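# Summary of the model geometry
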Amino acid sequence: MEKFYSCKGLVAPLDRANVDTDAIIPKQFLKSIKRSGFGPNLFDEWRYLDHGEPGMDSAQRKLNPEFILNLPRYRGAQILLARANFGCGSSREHAPWALQDYGFRVIIAPSFADIFFNNCFKIGLLPIVLDANNVDRLFREVLATEGYRLVVNLEEQSVTTPSGESFFFDIDPFRKHSLLNGLDEIGLTLQHADRIKAFEARHRAAQPWLFT
Amino acid sequence: MQTLYDKLWQSHVVHQESDKPDGMALVYIDRHLVHEVTSPQAFEGLKLAGRAPWRRDSILAVADHNVPTTGRSHGISDPVSRLQVETLDQNCEELDITEFKMNDLRQGIVHVIGPEQGATLPGMTVVCGDSHTSTHGAFACLAFGIGTSEVEHVLATQCLLIKKAKSMQVVVEGELGHGITAKDIALAIIGKIGTAGGTGYAIEFAGGTIRALSMEGRMTLCNMAIEAGARAGMIAVDNITIEYIKGRPFAPRGDQWENAVAYWRTLKSDPDAIFDRVVILDAAQIKPQVTWGTSPEMVTTVDGKVPDPSQITDVVKRHDMEHALEYMGLVPNMPITDICPDKIFIGSCTNSRIEDLRAAADVLKGKHIAANIKLALVVPGSGLVKHQAEQEGLDKIFREAGFEWREPGCSMCLAMNDDRLSSGERCASTSNRNFEGRQGPGGRTHLVSPAMAAAAAVAGHFVDVREIY
Ligand code: SF4
């Protein structure tokens, strides 16, 4: 997993609740057997005027001028400001892959769907939950101010606005540690191999039918 | 004083680092179901790291999302889909993993074949790189969807590092009305608590109405737990559970069967167990449900109307509703029964089991689809479901009614193969998601039960199934 460094990033506002994983990365792109290259198809159906299929040259496609990420002022955004229940729907990790590949490093929303939230941490994308009132305020400020940037400091668990106001966010200590150090979770778990084997032996003795 | 979820959780914790009850725990996984879409990158990661699967016999693989539902003998024509399915075949061959290949009679949707084979057993932890893994909770399993990094983690370690969820009990009591199914219960629950209502929770469905459901109905209900935001849904073991499992290929036999059953009978919440949240529904109040919007919570009853955004005070909600109505091509206050679908889809891991096909066939017997229906599809959940339905003559009823009888797979639930809606087309679908573009770009999905889908096919518009049969 990639290490997460604190960042000062341009913010793009996506003002819709319940943004689902089919919207984040439509299914035709899930046919890829690779982990990378999903960025050009992030929000494909909203972002382009034509219908996207794998293998198309996205540079040749007509952009939807009304879609928020296509506005020049949000180009290069690293922080996505979103609404409640972001990432609901499928378990496809392609959704966080696409967001990361596009250039996002942080998603801020009042709430996230469970599987999406979990998937983000696995790849070094940071989902931040702030309360709905603060998210509302950030939306107003972003829309009012071109070039609006937030400073996200994972070490201190804070999001700081250009006026210097800071919001604290919660994060599981283990997840924070993993992100800051870019840890290989599988490697960490395998350090417990003896424990897993011991558990397995007990489990097999109690429920042998699970091991046939 | 434990909930079913507590019991399942506790019996699988390998290790817990901190003493805090909300900390991460290393949890052992009994059954790992694998399909072609979310696994290639996990297998690749495993190989790149020079690792091997921890326990091959815990894995069951099948291709379902990409497979065509016609002309299978010619293989898969889309080269990108073909490569993905071939990649699964290769990975399974190389690593000696059990896989039901595309032309195997046992092939089907991953959440249909697990229970059908007895590969899903009570008391198990079951994972799959697919959010509808919650389906398997119908067997008193702790079953939930995972992302590809976690698929790799389970392959390599047989464990996952997860946090315990909060517990919610959804109690449904009373007798269901004629023509009302588990799908209607599921949609009614989502309509009540919202698509994020179950976020952070594991839901246990309980009450007399649930106990009266068949395993098929229970699977439909648990399948939709994820649409209520809950990663896992579950139901306690009873005789219905045990009867269903008996004699299935992967189920225990002989002495082991007796021991297993004795253990399985303990898999229920203690009477005095305390849940973090309890939601109660009266079965008698549940009517046939139809979604009108682009989220499963945008649902009403068949005798209802399309809602009016101007009546909504919450700005974000109003905005979402306007957006959804525009996408769906509907106007406020329009009766649901005035909505005319172009296509009918009976299938998906929610409603493609034998009982679902029987319910739809019951409505269709001796009738024909209306002239405005461009295409009506039945896609059985597995080759075995298809076979069983043919034994019962259901295929004939469907064909005579004007339906196409297809090969098993996910099909138009997510339209990764050729079965899809064109832009602007409207579908009465027995699947689980009505998101924008889910069944094809610009496609409009209305989620309903199999009987309601069949009734809409005959009438040419949504109709209260209770009135027609
Ligand atoms: S049938 Fe639909 S929801 Fe179920 S696994 Fe397939 S694509 Fe997913």
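Residues numbered from 1 in each chain as written. Chains lettered and ligands numbered in written order. Predicted model: local features only at pLDDT ≥ 70, side-chain atom pairs only at ≥ 80, totals over all residues. Heavy atoms only, no water.

### Details of the pattern of salt bridges
Within this structure, the stated rule accounts for 37 salt bridges over all chains. In this structure, the salt-bridge partner of Glu141(A) is Arg137(A), at a minimum N-O distance of 3.6 Å. Here Arg137(A) and Glu141(A) lie together in helix α5 (residues 132-144), a separation of four residues that amounts to about one turn. With its nearest N and O atoms 3.3 Å apart, the salt bridge here joins Glu94(B) to Lys47(B). Taken together, the residues span a long stretch of sequence, with Glu94(B) in helix α3 (residues 79-95) and Lys47(B) in helix α2 (residues 40-48) at a distance of 47 residues. For Glu94(B), a relative accessible area of 52% translates into the label exposed. By relative accessible area, which is 40% here, Lys47(B) ends up partly exposed. (Salt bridge = Lys/Arg side-chain N within 4 Å of Asp/Glu carboxyl O. Helix = DSSP H or I, 4+ residues; strand = E, 2+ residues; numbered from the N terminus. Buried < 20%, exposed > 50% of the residue type's maximum accessible area, 1.4 Å probe, protein only.)

### Things to note about the interface of chain A and chain B
Each side of the interface is counted separately: chain A has 58 residues, and chain B has 78 residues. Here chain A packs against chain B, burying approximately 5600 Å² in sum over the two surfaces, 56% of which is carbon and sulfur. The largest contributions to the chain A side of the interface with chain B come from Lys31(A), Ile33(A) and Trp209(A), which together make up 14% of the buried area. Viewed at the interface, chain B and chain A are joined by seven salt bridges. Lys163(B) is the salt-bridge partner of Asp172(A), the closest N and O atoms lying 3.3 Å from each other. Within the residue set of the side of chain A that touches chain B, elements represented by two or more residues are α2 (44-47), α3 (94-102), α4 (114-123), α6 (173-181), α7 (185-190) and α8 (193-206) of chain A. The biggest single contributor to the side of chain A that touches chain B is α8(A), with seven residues. When the residues that make up the side of chain A that touches chain B are grouped by side-chain class, the tally is 20 nonpolar, 16 polar and 22 charged. (Contact = heavy atoms within 4.5 Å. Buried area = accessible area lost by both parts, 1.4 Å probe. Nonpolar A, V, L, I, M, F, W, Y, C, P; charged D, E, K, R; others polar.)

### Side note on helix α12 (residues 354-364) of chain B
For α12(B), every residue scored as buried is listed here: Ile354(B), Asp356(B), Leu357(B), Ala360(B), Ala361(B), Val363(B) and Leu364(B). Backbone geometry just after α12(B) places Gly366(B) at a positive phi near 75 degrees.

### Here we look at the packing of α3(A) against α4(A)
Packed helix pairs are characterised by how far apart their axes lie and by the angle those axes make with each other. All names here are of chain A. At their nearest, the axes of α3 and α4 sit 9 Å apart, and the two run at 50 degrees to each other. Taken as axis vectors, α3 and α4 run oblique relative to one another. As for how α3 packs across α4, the hand of that crossing is right-handed. For the pair formed by α3 and α4, the contact residues are Ala95, Pro96, Trp97, Leu99 and Gln100 on the first element and Phe116, Asn119, Cys120 and Ile123 on the second. Considering only residue class, the contact of α3 with α4 consists of seven nonpolar, two polar and no charged. (Axes fitted to C-alpha atoms, helices over the stretch in contact; angles between N-to-C directions. Parallel < 35°, antiparallel > 145°, perpendicular 65-115°, else oblique. Left-handed = near helix turned anticlockwise from the far one by under 90°.)

### Observations concerning the site of the ligand
Taken together, His65(B), Ile109(B), His111(B), Asp130(B), His132(B), Ser348(B), Cys349(B), Cys410(B), Cys413(B), Leu414(B), Asn432(B) and Arg438(B) make up the full set of residues near the ligand. Residues that form the shell around the ligand fall into these classes: five nonpolar, five polar and two charged. (Near = heavy atom within 4 Å.)

### Overview of the nonpolar core
Phe43(A), Phe86(A), Leu99(A), Leu126(A), Phe398(B) and Phe403(B) are the most contacted members of the largest nonpolar core, which has 110 residues in total. The leading source of residues in this core is helix α15 (residues 450-459) of chain B, at seven residues. When near neighbours in sequence (up to four residues on either side) are disregarded, Phe403(B) contacts Ile344(B), Ile346(B), Leu364(B), Ile369(B), Ala376(B), Leu377(B), Val378(B), Phe398(B) and Ala457(B). Leu121(B), Ile193(B), Cys222(B) and Val237(B) belong to the second largest nonpolar core, which has 105 residues in total. (Core = buried A, V, L, I, M, F, W, Y, C linked by side-chain atoms within 4.5 Å.)

### As for the pairing of strand β10 (residues 201-206) of chain B
Residue and element names in this part refer to chain B. Most of β10 sits out of view: six of its six residues are buried. Across the two faces of β10 the burial is the same, with Tyr201, Ile203 and Phe205 and Ala202, Glu204 and Ala206 all buried. For strand β9 (residues 166-173) and β10, the ladder comprises six bridges, and the chain directions are parallel. Within the sheet, the bridge partner assigned to Ser167 lies in β10 and is Ala202. Between the parallel elements β9 and β10, the chain passes through helix α6 (residues 182-193) in a crossover that is right-handed. (Pairing = 2+ DSSP bridges. Right-handed = clockwise from strand over helix to strand, strands pointing away.)

### A look at the confidence of the model for chain B
The share of residues in chain B with pLDDT of 70 or more is 99%, and the mean pLDDT across the chain is 96. What the predictor reports for the complex is a pTM of 0.96 with an ipTM of 0.94. (pLDDT = per-residue confidence, 0-100.)

### Section: the sheet that holds strand β11 (residues 232-234) of chain B
Residues and elements named next belong to chain B. The strand order across the open sheet built from four strands is β11-β10-β9-β12, with neighbouring strands paired in parallel fashion. The strands lining the two open edges of the sheet, one partner per strand, are β11 and β12 (277-282). Direction aside, neighbouring strands of the sheet carry axes that sit 20 degrees apart on average. Pairing analysis gives six bridges linking β9 to β12, with the strands arranged parallel. Among the inter-strand pairings, Val172 is bridged to a residue of β12, identified as Leu281. Docked against the sheet, α6 engages β9, β10 and β12, running at close to 125 degrees with respect to β12.

### Focus: the side chain of Thr300(B)
Along the chain, the position of Thr300(B) falls in strand β14 (residues 299-301). With sequence-adjacent residues up to four places away left out, Thr300(B) is seen in contact with Pro288(B), Gln289(B), Val290(B), Trp292(B), Lys305(B) and Ile336(B).

### As for unusual backbone geometry
Residue and element names in this part refer to chain A. Residue Gln157 is not a glycine yet carries a positive backbone phi of 55 degrees. Relative to the assigned elements, Gln157 resides in the loop between β5 (149-153) and β6 (158-160). Taking the relative accessible area as the measure of exposure, Gln157 reaches 12% and is therefore buried.

### A short note on the packing of aromatic side chains
Residue and element names in this part refer to chain B. Using the criterion set out here, one finds 18 aromatic pairs over all chains in the structure. Ring geometry for Tyr5 versus Trp9: centroids 6.3 Å apart, planes at 50 degrees, classification tilted. You can see Tyr5 and its partner Trp9 sitting in helix α1 (residues 4-10), four residues apart, about one turn around the helix. Take Tyr5: its relative accessible area is 6%, and that puts it in the buried class. (Phe/Tyr/Trp six-rings, centres within 6.5 Å; stacked < 30°, edge-to-face > 60°.)

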